[in-house]
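Analysis of the macromolecular model
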Amino acid sequence: MLLTPPTQTASPQTVKDYSNQNLRGRSFKGRDLRGVNFSGADIRGANFTDADLQGAKFTRAIAGVQKRWLIGQTLIGFVLSLLLNFSSILLNFFAFVVLFQGRISIFSSIVALLFNASWLLILAKQGFTTRALSIILICFAFTFAVAGAVAGAVAATDGAIAFTFAVTFAFAFAFAFVFVFAVTVVGSVAVAGAVIVTVVGVATFAVAFAVAFAVAVIAIGTEAIADSGANAVAGTVAVAVAALLLGFYAAWRTNKGDDKFMLVRSFSLAFNSMGGTRFSGANLTKADFTNAKLKGANFADSGTRKTTLTRTCWKDAQQLEKARPGNSIFTNLQVLKLLKTGEGINQDFSGLNLRGANLDAAHLNGSNLKNADISQACLHKADLQNVNLTEAQAVGTNFTNAYLTGACLEAWNIEGADLSDIKCEYYFLRENKRERRPHDTDAFFAPGDFSNLYKKIINTVEILLKDGYRSLEAFQAAFQAVMAENPDITPDSLQKIERVGQKDARITLTVPEETDKAQLEKKFQQVYEENRQLLSQVEKYKILSEAETRHADKFESLATLLAKRPITIQNTQTTGDNTVTNQDNQAISAGQGSNINLGTQTGNVLNFGTISGNLTNTLNQLQSSNQTNAADLTDYLTQLQSAITADPNLPDADKAETLQKVDDIAKAATHPEDKRRHGALKGAIDFLKGTINAVPKAEKFAAACKKLLPLITTALGAIGLMV
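Residues numbered from 1 in each chain as written. Predicted model: local features only at pLDDT ≥ 70, side-chain atom pairs only at ≥ 80, totals over all residues. Heavy atoms only, no water.

**Some thoughts on the side chain of Thr307**
Note the threshold: Secondary structure follows DSSP: runs of H or I at least 4 residues long count as helices, runs of E at least 2 residues long count as strands, and numbering of each begins at the N terminus. Here a polar contact is taken to be a pair of N or O atoms separated by no more than 3.5 Å, where protein atoms must pair a possible hydrogen donor with a possible acceptor and residues adjacent in sequence count only if both atoms sit in side chains. Whether two residues are in contact is decided by their heavy atoms: any pair within 4.5 Å suffices.
Secondary-structure assignment places Thr307 in the loop between helix 7 (262-272) and helix 8 (333-341). Side-chain polar atoms of Thr307 contact the backbone nitrogen of Gly281, separated by 2.8 Å. Polar side-chain contacts of Thr307 include one of 3.2 Å to the backbone oxygen of Phe299. Ignoring anything within four residues of it in the chain, the contact list for Thr307 reads Phe279, Ser280, Gly281, Ala282, Phe299, Ala300 and Asp301.

Now the structure itself:
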């Protein structure tokens, strides 16, 4: 598991200036070298693994591989190429000898020749990719099947098997040779290096062919060689030369940045960085490599830490493309070129990873950064005029003194970004120069206007709610949960609710600058989703309840049967507050000593008259209180009480529970300072809304609720109770 480099607590090393010194092969592993000057130093082969190099200067430094390692790499490349080429040539020569001696059918021979041509062409076209390998394997399977079929049809079984064996292994070794040779060539960029590799390649071919020919003479015999003669030699040479040329071609395409040959590039950079300057796992935040020579440097992660390259300066760095990038952003050659030159006018960087890039004063006029990740990047004084920043991730990005006139800023994420002193006369909120701000094409922002405008926008949170326009109760629950955890967030913090598509909604909240926006959004979404799922279950229950009403006659029969028996109801009442507190798990005696467990109850479901009387007492207390709109609220609740009591289609059990909820509302309004009652108030309002749909036959009650609930919630709001 790779870990981010921890903050160093030790003080920097005593030596602060290593400029222009010979530091070849020196070890600085794990040392605190913050701000140390290595300008002009020779650091070839030096080890900076896991070191803290924040702000260190490597301008004009020479990194890379020492000479003894270069010799070793050349020898390794030569030996591998020799062995692979030798094996390939030997097996190809053997196959052609068998072929031209006529020991197998001419049809199988043609198929084999086509196979050799096919895999060479496939590699040239598709590169070293999974797709190319799949196609080659299909071709190989076809060749093997044909050879096997022919071997079974004619008396040439031994020859066909030998031929197939030779072709198979010849292909494997030739394939490996092309790959290894290309890896070796990619590591050479100077003319002298290219000449050396060419000589090595030709020499490898010549030596391998000579040795292979000698082995073939011994193994097959002079007479057989003479019989097959020039044809076998010609076939062998053709395949070997084609493989050699393909190796050069693969190296050329790799150096051009062709994605199809990126596997060659990865292996080449890893191979050529062996023994080079190691920055693995180092913290190079804001380090400066201006004009440094970096061929053979290793920036891959170490075994324990990630290499940190946040805002590292690569201005005019030489041969950075020959350094091992590891997981850094300059694995992409287009990004690498931008980091080195700072020139990206009218270029397409859409969707690219530019996280932590140092683009100080870069020229990006007219470029496309749609969906690009430029978080933590430095764009100080960058020219971003007419840039497309649609949906760009710019979290914590430094835009100070940048030029943004004409840029498209649709849905960009600038949380924590520094927008100080930006120069912007106008911008667009939609692509293709739509939704200009300011709207008037003759109007322009004055200096400082843009920064002041977006400072307010930064202190907002946008949350997308799935099915938001159909789940207002879930939204209300989530908003209240967020307000409970964040006292600075109030109902006034809700700036905007807008529809997205047919069902979804996007809300915009204003929050204090220090708010953890990610945690707030997570909490909001969590509570919202829980309540949305709950409401969905309630809807399913409503459908089931309609089916249950068809069995009402059975229930009434059971009720009649129970009514004929003596029933004792146990209640515990408290007269001080005129409330009814019922014990949990009430036992109802139904004769013969039997008990019916009713579970937790909120009121006496068999005698709602008592609850109605208690409600009347609570309403009298509300009427005599000094609360704002107490008289109006008492009137609304009294009307609702009458509608509940008088509706013949509302079952007695529902009447009792509904009256208890109205009593909860009245108590909360009478004592608004008692926050313990606020939860019961919200639950009561939600219950009344749900009961309207749960009991569709209670038309009088439903009509009263639809009329009175808005008035009740408004009156509650006037005394500071938000529901």
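Still to come is the rest of the account.
**Details of the pairing of strand 4 (residues 494-500)**
Spelled out, the test is: Two strands qualify as a pair provided DSSP detects at least 2 bridges between them.
The pairing of strand 4 with strand 5 (residues 504-510) spans six bridges and is classified as antiparallel. The residue bridging Lys496 from the neighbouring strand is Thr508, located in strand 5. Following strand 4, the chain reverses through three residues before pairing antiparallel with strand 5; Gly501 in that reversal takes a positive phi of roughly 75°.

**Considerations on the environment of His671**
With respect to the element layout, His671 can be found in the loop between helix 15 (652-670) and helix 16 (678-694). Taking C-alpha positions, His671 is 8.8 Å from Leu622, a pair spaced 49 residues apart along the chain.

**Examining the nonpolar core**
It is characteristic of soluble globular proteins that their nonpolar side chains tend to be buried jointly. Just so we agree on the cut-off: Buried Ala, Val, Leu, Ile, Met, Phe, Trp, Tyr and Cys residues that are joined via side-chain atoms within 4.5 Å together make up what is termed a nonpolar core. Think of it in three bands: residues with accessible area under 20% of the maximum for their type are buried, residues over 50% are exposed, and the middle band is partly exposed, with areas taken using a 1.4 Å probe on protein chains only.
Counting residues in each nonpolar core, the largest one holds 69 residues, and the members touching the most others are Phe38, Phe48, Leu53 and Phe58. Elements supplying a minimum of two residues to this core: helix 8 and helix 9 (449-458). The element best represented in this core is helix 8, accounting for four residues. Setting aside residues no more than four positions away along its own chain, Leu53 makes contact with Leu33, Phe38, Phe48, Phe58, Phe279, Ala282, Asn283, Leu284, Thr285 and Ala287. Formed by 36 residues, the second largest nonpolar core is a distinct cluster that contains Leu650, Ala704, Leu716 and Leu721.

**What to know about the packing of helix 14 (residues 630-646) against helix 17 (residues 699-718)**
What counts is decided by this rule: Helix axes are fitted only over the stretch in contact, all axes being lines through C-alpha atoms; the angle between N-to-C directions runs from 0 to 180 degrees. For this classification, under 35 degrees means roughly parallel, over 145 means roughly antiparallel, 65 to 115 means roughly perpendicular, and everything else is oblique. Left-handed describes a crossing whose near helix is turned anticlockwise from the far helix through less than a right angle; right-handed describes the clockwise counterpart. Polar here means any residue other than Ala, Val, Leu, Ile, Met, Phe, Trp, Tyr, Cys and Pro, which are nonpolar, and Asp, Glu, Lys and Arg, which are charged; Gly is therefore polar.
Contact geometry of helix 14 with helix 17 gives a least axis separation of 9 Å together with a crossing angle of 160°. In terms of axis orientation, helix 14 runs roughly antiparallel to helix 17. Between helix 14 and helix 17 the crossing geometry is left-handed. Residue-level inspection shows Leu633, Tyr636, Leu637, Gln639, Leu640, Ala643 and Ile644 of helix 14 in contact with helix 17, the latter providing Lys700, Phe701, Ala704, Cys705, Lys707, Leu708, Leu711, Ile712, Ala715 and Leu716. Taken together, the residues that form the contact of helix 14 with helix 17 break down as 14 nonpolar, one polar and two charged.

**Regarding unusual backbone geometry**
Outside of glycine, negative phi angles account for most residues, and trans bonds account for most peptide bonds. Cis geometry marks the peptide bond from Arg437 to Pro438; its omega dihedral reads -5°. Summarising the element assignment, Pro438 is placed in the loop between strand 2 (434-437) and helix 9. For Arg60, which is not a glycine, the phi torsion comes out positive at approximately 60°. Residue placement: Arg60 occurs in the segment before helix 1 (67-100). One non-glycine residue, Asp421, adopts positive backbone phi at about 55°. Its location among the elements puts Asp421 in the loop between helix 8 and strand 1 (427-430).

**A word on the packing of helix 14 against helix 15**
Where helix 14 contacts helix 15, the axes come no closer than 10 Å and their chain directions differ by 175°. Between helix 14 and helix 15, the angle is such that the two are roughly antiparallel. Packed against helix 14, whose contacting residues are Leu633, Leu637, Leu640, Gln641, Ile644 and Thr645, the element helix 15 presents Lys655, Thr658, Leu659, Val662, Ile665, Ala666 and Ala669 at the interface. Class assignment of the residues belonging to the contact of helix 14 with helix 15 gives a composition of nine nonpolar, three polar and one charged.

**Brief notes about helix 7**
What counts is decided by this rule: Note that the arc is computed from the directions linking the helix axis to the C-beta atoms.
When helix 7 is considered as a whole, its buried residues turn out to be Val264, Arg265, Ser268, Leu269, Phe271 and Asn272. One side of helix 7 carries all its buried residues, which in axial view fall inside an arc of 160°.

**Side note on helix 15**
Cut-off, in case you're wondering: Multiply 1.5 Å by the residue count of a helix minus one, and that product is the helix's expected span.
Spanning 19 residues, helix 15 covers 27 Å between terminal C-alpha atoms, matching the ideal 27 Å at 1.5 Å per step. Taken across its 19 residues, helix 15 has 15 buried, putting it largely inside the fold.

**What to know about the packing of aromatic side chains**
Defined as follows: Ring geometry is summarised as follows: Phe, Tyr and Trp rings, the Trp one being its six-membered ring, pair when their centres sit within 6.5 Å, and such pairs are stacked at plane angles under 30 degrees, edge-to-face over 60 and tilted between the two. The criterion is that NZ of a Lys, or CZ of an Arg, lies within 6 Å of the ring centre and within 35 degrees of the ring normal, and then a charge sits over that ring.
Using the criterion set out here, one finds 24 aromatic pairs in the structure. Seen from their ring centres, Phe279 and Phe299 are 5.1 Å apart, and the 5° between their planes marks the pair as stacked. Taken together, the residues span a long stretch of sequence, with Phe279 in the loop between helix 7 and helix 8 and Phe299 in the loop between helix 7 and helix 8 at a distance of 20 residues. Through a chain of ring-to-ring contacts, three or more aromatic side chains come together here, namely Tyr18, Phe28, Phe38, Phe48, Phe58, Phe279, Phe289, Phe299, Trp314 and Phe330. One cation-aromatic arrangement involves Arg436 over Tyr426; the distance from NZ or CZ to the ring centre is 4.5 Å. The ring of Phe687 has Lys661 lying over it, and the distance from NZ or CZ to the ring centre is 5.5 Å.

**Focus on the pattern of salt bridges**
Going by this rule: Salt bridges, as used here, are contacts in which a Lys or Arg side-chain nitrogen is within 4 Å of a carboxyl oxygen on Asp or Glu.
Scanning all chains against the criterion turns up 16 salt bridges. The salt bridge involving Glu431 is made with Lys370; its shortest N-O contact spans 3.0 Å. Linking Glu431 in the loop between strand 1 and strand 2 with Lys370 in the loop between helix 8 and strand 1, this pair joins segments that are 61 residues apart in sequence. Glu431 sits in the partly exposed class, given a relative accessible area of 21%. Judged by relative accessible area, which is 26%, Lys370 ranks as partly exposed.

**Some details on the side chain of Arg311**
The criterion, for reference: As used throughout, the charge tally considers Lys and Arg to be positive and Asp and Glu to be negative, leaving His and the chain termini uncounted.
Within the element layout of this structure, Arg311 appears in the loop between helix 7 and helix 8. No salt bridge is formed by the buried Arg311; the nearest opposite charge belongs to Asp418, separated by 7.6 Å. Not counting the four nearest positions on each side in its chain, Arg311 is found in contact with Lys286, Gly356, Ala357, Asn358, Gln376, Ala377, Cys378, Gly396, Thr397 and Asn398.

**Quick notes on the sheet that holds strand 5**
Sheet strands line up and pair through hydrogen bonds in the backbone, either parallel or antiparallel. Ordered by their spatial adjacency, three strands build an open sheet running 3-5-4, and the pairing between neighbours is antiparallel. Looking at the sheet topology across the chains shown, the edges are occupied by strand 3 (460-465) and strand 4. On average, adjacent strands in this sheet sit at an angle of 15° to one another, irrespective of strand direction. Relative to strand 5, strand 3 runs antiparallel, the two being bridged by six bridges.

**Some thoughts on the environment of Leu659**
Assignment of secondary structure puts Leu659 in helix 15. It is 9.8 Å that separates the C-alpha atoms of Leu659 and Ser642, two residues lying 17 residues apart in sequence.

**Some remarks on the environment of Lys523**
Examined against the element boundaries, Lys523 turns out to sit in helix 11 (residues 517-548). In this structure the C-alpha to C-alpha distance between Lys523 and Glu485, which are 38 residues apart in sequence, comes to 9.4 Å. The residues touching Lys523, leaving out its near neighbours within four places in the chain, are Ala481, Val482 and Glu485.

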